[in-house]
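# A closer look at the structure
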Amino acid sequence: MTISTTVNGKTVTLNAEPDSPLLWAIREELGLTGTKFGCGIAACGACTVHVNGEPARSCSLPVSEVAGKSITTIEGIKGADGTLHAVQKAWIAAQVPQCGYCQSGQIMAAVALIQKTGKPTDDQIDEAMTNICRCGTYPRIRKAIHAATGQAATAVEGAA
Amino acid sequence: MADNPTLEMEQPAPAKRKGVKRRAFLIGGVAIVGAGLFGISIADSNAVKSAAKLTAGKGEHSFATWLKIAEDNVITIYSPHTDIGQGSNTGLAQMLAEELDANWDLVKLVSAPAESAFANTGLGRGFLGEMSGQPGIINGIPQSFLSFLARQMNLQITGGSTALRFTGQVTFQKVGAATRLALIETAAKRLGVPASELTTQDSHVIHAKSSRSLPYGKLAAEAATLSLDNDPKLKDPKNYRLMRQSIPRLDIPAKVDGTAQYGMDFAVPDMRVATIMAAPVRGGKLTSVDEGPALAVKGVEKVIKLDDAVAVVAKGYWAAITGLRAMTPQFSDGGNGGFSTASIFKAYDDLIAKGEPAGEAGEGDVKAALGAKPVEAKYQVPFLHHAMMEPFALTAHFKDGKLDIWGGMQDPLASKMMAVDVSGLDSDKVTFHPMLIGGSFGRRLPMYMEVVSQVTKLAMQLPYPVKLIWSREEEIAQGAYRPQSAALLKANVTADKRIAAYSNDYAQTESAEAETTFIYNLPVVARRNYEHKSNQITGAWRSVNSTQQGFYNESFMDELAHAAGVDPVEFRRNHLKADSRHLRVLDECARLANWKAPLPEGVGRGIAIVESFKTIVAHVIEASVKEDGMPKVHKITTVVDAGSIVNPDAAKAQIEGGTIMGLSSAIGEAITLEKGAVQQSNFSDYPLLKLADTPLVHDIHFINSGAYMGGIGEPGVPPAAPALANALFAATGKRVRNLPILTQAKA
């Protein structure tokens, strides 16, 4: 079937089986490979995108459910002039990524959290940031989220 | 100090052999560099010529294989290492650029091609043959040397532990310094001044007296024709501008905007996607499969049967995995159906009880010295999975007699040679194109890279490119795990509260001696290993055997301290040599953690100190137990002595991540076997630590002792589990002897 939706501000028509996950339409049909496949069961969050502004794990979201909705991927959060999003800048400043594979999903989860809460507390970060990072970049993720929202890092030393 | 054979001590034998005495061995894109053993020669003329041909385009000039300088002053450095996120490539570039006095803004770093100019192919083949069970091309290289190489591989790849200290210190710094001298020599001739009047800065040779300067790009063509100094003098560290600086990592910008291209992301026109299921019981074969249900799935084009696996080829991943799941393939168990977690622990217990070890190390007559009533404790740890975030994804295309493979493996050349063997093609018809790696931790090593063989087999029978993606379920079920292991520890603590004798009888698939550095100064010590093999591959999991050995020894030291009624820090102090690096790390960690400061009710403090890969790390962890029985880590204080540090912030990141990986495995991770098959399937039953489980405070301090440079990617891991277990004992009085803690909390 064909499904009409908006991805990063552009209207697109996806040719996909209705039950197939949004992730594979994004990656294989649209060629937007910043959104990653990690587990296929919505457990790790590497595939996190925004659907109508809410974070969603696209590996387990049937494409039929996004018809007519607005989807944002990691490729779509830069400014129109190509400048990085404040969260991306904070991610570089804190030198967050190691292998980097989960970081698109982490950044999308962080952007959604900040859009919702403004200046998230540590408890809100704990609750919202459930994406898995095997490299263990969590202390820097926390620090970068605080920095992106103009807050001092919680940790006294910790993430440099 | 107990007898600890080290890698360095094992090296001399092969050095004497004709034909293996070379500056660097590259085993599949990984430099195994002499480290003071093999004669150092900057230039191996054949390799240098081939490298120049492979890398230098018009207006570019190659030096000593590893770098080229272009006439526009851009300097490109070829790294034989795959940066899996540990920052080693940035560190290597810092080291070479430092000695070269290069302009950092114009330095690029790329992966070295998986070609023989950057490697010793013959040895690579022999090594691969050994690992894949097809020896024969080993050319008389002694077993001990292959074994040495094998261990080097683990160190190197898992965390770049050897990237900087061997490739960096031995090769890259010298290449940078020698190239700088060649540029100066060229400039001296051109300016008509003595070389001694010239200095270098930001990729320019400068003659201060006459206020003239020449950019490297203008000197490179001529300098590249000179023979390089084999043993150039290196800079005094006090003049460093790039090394010891927290220079931002080169790979990070592409990892925050989605542009970084991993093997998973590779795509070419007409490419199909395949996914695969191998025999759930390792060692089993595919016996039958009805292809019908898969072929009925829209988008599925083909089912391919391999000896021990079945693959589905489709237009995209979703069709492929849906097709695979629609089938019910039948596999034999290869006679391995009897293996289980319980059967393996039973075999370990029996072996230790029988007391006929496969290997022994230590000193003194431990049997007599243990006395009649030693303190005893038995520990058990499970298989651990690497759980790299990017499942295996390789693309292969066989066309016009040539095979190309794209993807991220830790060993590009060994991967290429595996494809050569499997395809039957000549080596020059196969190209492996290394791509970014989404995590590895030792998983993408040659111990078990069946995925390369699989994608080669698929590509050889398909008329189009095919990307083979492993599902997460396949990735977890078909791992190369940290071995399941058990240990019985005994010690005689005498009335003076000192250890008179200490023994560690441990059982797993093989000796852990290479990754066990026992730091305590005891009169009598014995380490005995007992070997039992199941149907699982023995993998190299970040820090290798140091994880379980660190857990055993540092937990037991804590038990002995409590048995002696001595504070655990004080007890360790009493058994470390005065003025040793270990003692300094221990003392600093205790001091910075305010070891004696009171804690809230229910919170305990634990310490552990482990040396691995020549780096000493101590953690003090403050932890309590939550209502659900799971640990809560409140604070970590860490002190690291790695000798010296190339990039402090990148090193810190490795210690942070290593500590978290150590905690994650201690708290929740276990691969278990039943009827020969792995029982876990995904992150739902192989839980990794999440952000909320990590402490708000992790203080990390480095001691720059100036000692021989140690690794940094791995050594943060081993002390994490025992420091946590010791903290939980302090908090609750309950000793953790079996990991993971989750299993015990649920029991």
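- An unreviewed UniProt entry lists chain A under the name (2Fe-2S)-binding protein, with Sphingorhabdus contaminans given as the organism.

## Regarding the overall build of chain B
- For chain B, the helix and strand inventory stands at 21 helices and 29 strands.
- Sorting the 747 residues of chain B into buried and exposed places 57% on the buried side.
- Partitioning the contacts of chain B with sequence separation of at least 6, the portion at a separation of at least 24 is 76%.

## A few points about the pairing of strand β4 (residues 67-70) of chain B
Residues and elements named next belong to chain B.
- As judged from the four bridges shared by strand β3 (residues 60-63) and β4, these two strands associate in the antiparallel manner. Its bridge partner lying in β4, Phe63 is registered against Leu67.
- Note that β4 and strand β5 (residues 75-79) share three bridges and pair antiparallel. Bridge pairing links Lys68 to Thr76 in β5.
- Counted along the chain from β4 to the antiparallel partner β5, the turn is four residues long, and its residue Asn73 has a positive phi close to 75 degrees.

## Topic: helix α11 (residues 341-354) of chain B
Residues and elements named next belong to chain B.
- For α11, which comprises 14 residues, the first-to-last C-alpha distance of 20 Å matches the rise-based estimate of 20 Å (1.5 Å per residue) to within 8%.
- Where α11 is concerned, the buried positions are Ile344, Tyr348, Leu351 and Ile352. One side of α11 holds all its buried residues, which, seen down the axis, span an arc of 95 degrees. Exposed residues on α11 whose side chains face more than 90 degrees from its buried face are Ala342, Asp350, Ala353 and Lys354.
- Looking at the buried positions of α11, the neighbouring elements they touch are β21 (485-493), β22 (499-508) and β23 (525-531).
- Following α11 by one or two positions, Gly355 has its phi on the positive side, about 75 degrees.

## Concerning the interface of chain B and chain A
- Contacts between chain B and chain A engage 50 residues on the former and 55 residues on the latter.
- The dominant element in the side of chain B that touches chain A, judged by the number of residues it contributes, is helix α19 (residues 648-668) of chain B, at seven residues.
- When its residues are assigned to classes, the side of chain B that touches chain A shows 25 nonpolar, 13 polar and 12 charged.

## Let's talk about the nonpolar core
- Core analysis: the biggest nonpolar cluster contains 261 residues, and B:Leu96, B:Ala274, B:Val312, B:Ala320, B:Leu394, B:Val455 and B:Leu724 have the highest contact counts within it.
- The contacts of B:Ala274, once residues within four sequence positions are left out, are B:Ala311, B:Val312, B:Val313, B:Ala320, B:Leu458, B:Val466, B:Lys467 and B:Leu468.

Thresholds applied
- Position labels on residues start from 1 in each chain and follow its written sequence.
- Chains carry letters from A onward and ligands carry numbers from 1 onward, assigned in written order.
- The predicted origin of the model limits local features to residues at a pLDDT of at least 70 and limits the giving and counting of side-chain atom pairs to 80 or more, whereas totals for whole chains, interfaces and linings rest on all residues.
- Per the convention used, a helix needs a DSSP run of H or I reaching at least four residues, while a strand needs a run of E reaching at least two, with both numbered from the N terminus.
- Neighbour density around each residue's C-beta defines its exposure: 20 or more other C-beta atoms within 10 Å make it buried, 12 or fewer make it exposed, and counts between make it partly exposed, where C-beta atoms are placed from the backbone.
- Distance between backbone-placed C-beta atoms decides contact: two residues are in contact if it is within 7 Å.
- A pair of strands is treated as paired once DSSP finds two or more bridges between them.
- Take the number of residues in a helix, subtract one, and multiply by 1.5 Å to get its expected span.
- Note that the arc is defined by the directions from the helix axis to the C-beta atoms.
- Residue classes follow a fixed rule: Ala, Val, Leu, Ile, Met, Phe, Trp, Tyr, Cys and Pro count as nonpolar, while Asp, Glu, Lys and Arg count as charged, and any other residue, Gly among them, counts as polar.
- A set of buried residues drawn from Ala, Val, Leu, Ile, Met, Phe, Trp, Tyr and Cys, joined through C-beta atoms within 7 Å, is what defines a nonpolar core.

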